[in-house]
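These are the residues of each chain, in order.
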Amino acid sequence: MEIDLADLGFWRRPLKERHEAFARLRDLDRPVFFEEKRVPLLRSGRGFYALVRHADVVEASRNAKVFSSEPGVTSPEPPGWVKHVFGESMVNMDDPRHARLRRIVSRAFSPKMLSNLQGDIDAACARIVDDVTASGPGDFVTQVAAKLPIHVICDMMGIPDDVRAKVHQHVDISTAYSGVRPSLAHTVRMAAQNTLALLALQRLVINMGRERSGAPGNDLVSALVTANVDGERLTDRELGSFFTLLLVAGNETARNTMAHGIKLLTDNPEQRRLLVDDFDAHIGGAIEEMVRYVSPIMQFRRTVTEDYDLRGLQLKAGDKVVLFYGSANRDETVFPDADRFDITRDTKPHVGFGGPGPHFCLGANLARQEIRAMFRELLTRLPEIRSVGEPELLVSNFDNSVRSQAFTF
Ligand code: HEM
């Protein structure tokens, strides 16, 4: 099998075949360069070096001065006009600009804020399981996994109930855009829809911010527009792009972990038994192992800022590297028997939430809290719950996204 990570056809192959391809790349002495084709309207470079070993992904994540997140971390990189329309997202910035924004918004993820959310998360999980009990078996993604993360983000931001359906709709359009695009016509259509959806989300939160700066409530939007961290506060555009980042970063990822998670627990009955027999002892390990095994975000890109020697590979300023988290998380030198789902393994060094460095996932603890609460509710109230058949996956080089997964209970 020929391997070309820059060819979208590669991402249409079954997951098992892709894992085998990455195992072969990890065995090579050096990271391999993949040439990229030019996609009209999108910024695309000459190509990238694929970092597929755990040690290489960690080295690049740690060394953010050399491995820059600017001008963008997605593949292909966002074209220049995106910044002008939407403002910049902190995931695509380097320190000190990144650190300033992260300092302001990280208040939303403090242990105190997260513990305040617990009651709401538990209540949402209980409602989801009430609905499942009433409606009966069907699709785990629409009935369970897709419901919780977006609800939690909307609650954090204080999004009124009557506009939540619109928010869902816009987020779904954006998610579909992250999939592989088969043709130029399709790319243009999806890009236009995505732009309109993101603009609508931005407008919504900017208007809320303006209203709440005069009459603040207990929500995150109020906190962000009234907060003053070292004399700094978010501008309208920064608030707007943070909201869309939260929706894009925090929604799909947690939902895909849960959707893959129910299948992993079904396919590995002995692991499930361990978890059910002592939920509190094992749920922490089970979540880390799900994130390692699934790697909901499969890759992010960096741009090299100065000549650098990476394991004998002479990188030049301007080169692109892509960090393949899913491959690093199956690196046998760090995770023995890496293709085995084992909730008791030491998964601490996994890079599912990003490598160690300034961009490590801001929402990791929130995601853990959501997944823990959802599986507690499901396994307690529906002890026979299980997936049926294979999932339908989104064809994407970025999100390891489950479109649907049949289930019963
Ligand atoms: C299982 C669930 C999740 C996974 C696997 C995940 C994965 C990641 C990864 C790999 C990054 C690193 C980006 C980089 O290195 O450039 C990241 C960053 C980020 N994540 Fe998550 N994420 C998850 C859940 C969430 C949630 C629930 C939220 C918020 C509601 C969130 C918000 C963010 C933000 C704001 C960043 C950017 C941090 C920065 O640039 O400083 N994530 N995430």
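Quick note: structure is the one above.
Fair warning: this is a prediction, and the values are worked out from it, not measured in the lab.

(A) Quick look at the overall build of the protein. Scanning the protein from terminus to terminus reveals 15 helices and 12 strands. Against the 2.2 N^0.38 benchmark of 22 Å for 409 residues, the protein shows a C-alpha radius of gyration of 21 Å, consistent with a compact globule. With respect to the principal axes defined by its C-alpha atoms, the protein has extents near 55 × 55 × 40 Å. The long-range share in the protein, meaning contacts at least 24 apart out of those at least 6 apart in sequence, stands at 71%. In the structure as shown, the protein presents an accessible area of about 17,700 Å², 54% of it carried by carbon and sulfur atoms. Distance between charge centres in the protein, computed from 52 positive and 55 negative side chains, equals 3 Å.

(B) Structural detail: the sheet that holds strand β3 (residues 67–68). Taken in spatial order, the five strands of this open sheet run β1-β2-β8-β5-β3, and their pairing is mixed. Two strands close off the open sheet at either side, each with one partner strand: β1 (33–35) and β3. With three bridges joining them, strand β2 (residues 47–51) and strand β8 (residues 320–324) adopt parallel strand pairing. Bridging from a neighbouring strand, leucine 51 pairs with leucine 323 of β8.

(C) Focus on the sheet that holds strand β9 (residues 386–387). Ordered by their spatial adjacency, three strands build an open sheet running β4-β12-β9, and the pairing between neighbours is antiparallel. A strand with exactly one partner marks an edge of an open sheet, and here the two such strands are β4 (138–139) and β9. As judged from the two bridges shared by β9 and strand β12 (residues 406–408), these two strands associate in the antiparallel manner. Its bridge partner being in β12, serine 387 is matched across the sheet by phenylalanine 407.

(D) Main features of the nonpolar core. Grouped together as the largest cluster of nonpolar side chains are 76 residues, with contacts concentrated most on Phe140, Leu148, Met157, Met374, Phe375 and Leu378. Apart from the residues within four sequence positions on either side, leucine 378 is in contact with Val129, Phe140, Val144, Pro383 and Ile385. Among the nonpolar cores identified, the runner-up in size contains 21 residues, and Ala60, Ile297, Leu313 and Val351 belong to it.

(E) Structural detail: the site of the ligand. Taken together, 27 residues lie near the ligand, and His98, Arg102, Arg302, His359 and Cys361 sit nearest. The contact in question runs from an oxygen atom of the ligand to an N or O atom on the side chain of tyrosine 325, over 3.2 Å. One nitrogen or oxygen atom from the side chain of histidine 359 is found 2.7 Å from an oxygen atom belonging to the ligand. Residue assignment for the shell around the ligand shows that the elements contributing at least two residues are α4 (97–105), α11 (236–267), β5 (299–304) and α15 (364–381). Per-element tally for the shell around the ligand: the top contributor is α11, with seven residues. Here the residues of the shell around the ligand are counted per class, giving 17 nonpolar, eight polar and two charged.

Each value, and the rule that gives it
Residues numbered from 1 in each chain as written. Predicted model: local features only at pLDDT ≥ 70, side-chain atom pairs only at ≥ 80, totals over all residues. Heavy atoms only, no water. Helix = DSSP H or I, 4+ residues; strand = E, 2+ residues; numbered from the N terminus. Rg over C-alpha atoms; globule rule 2.2 N^0.38 Å. Contact = heavy atoms within 4.5 Å. Areas by Shrake-Rupley, 256 points an atom, 1.4 Å probe, with all protein chains shown as cover. Lys, Arg positive; Asp, Glu negative; His and termini not counted. Charge placed at Lys NZ, Arg CZ, Asp CG, Glu CD. Pairing = 2+ DSSP bridges. Core = buried A, V, L, I, M, F, W, Y, C linked by side-chain atoms within 4.5 Å. Buried < 20%, exposed > 50% of the residue type's maximum accessible area, 1.4 Å probe, protein only. Near = heavy atom within 4 Å. Polar contact = N/O pair within 3.5 Å; in protein donor to acceptor, adjacent residues only side chain to side chain. Nonpolar A, V, L, I, M, F, W, Y, C, P; charged D, E, K, R; others polar.

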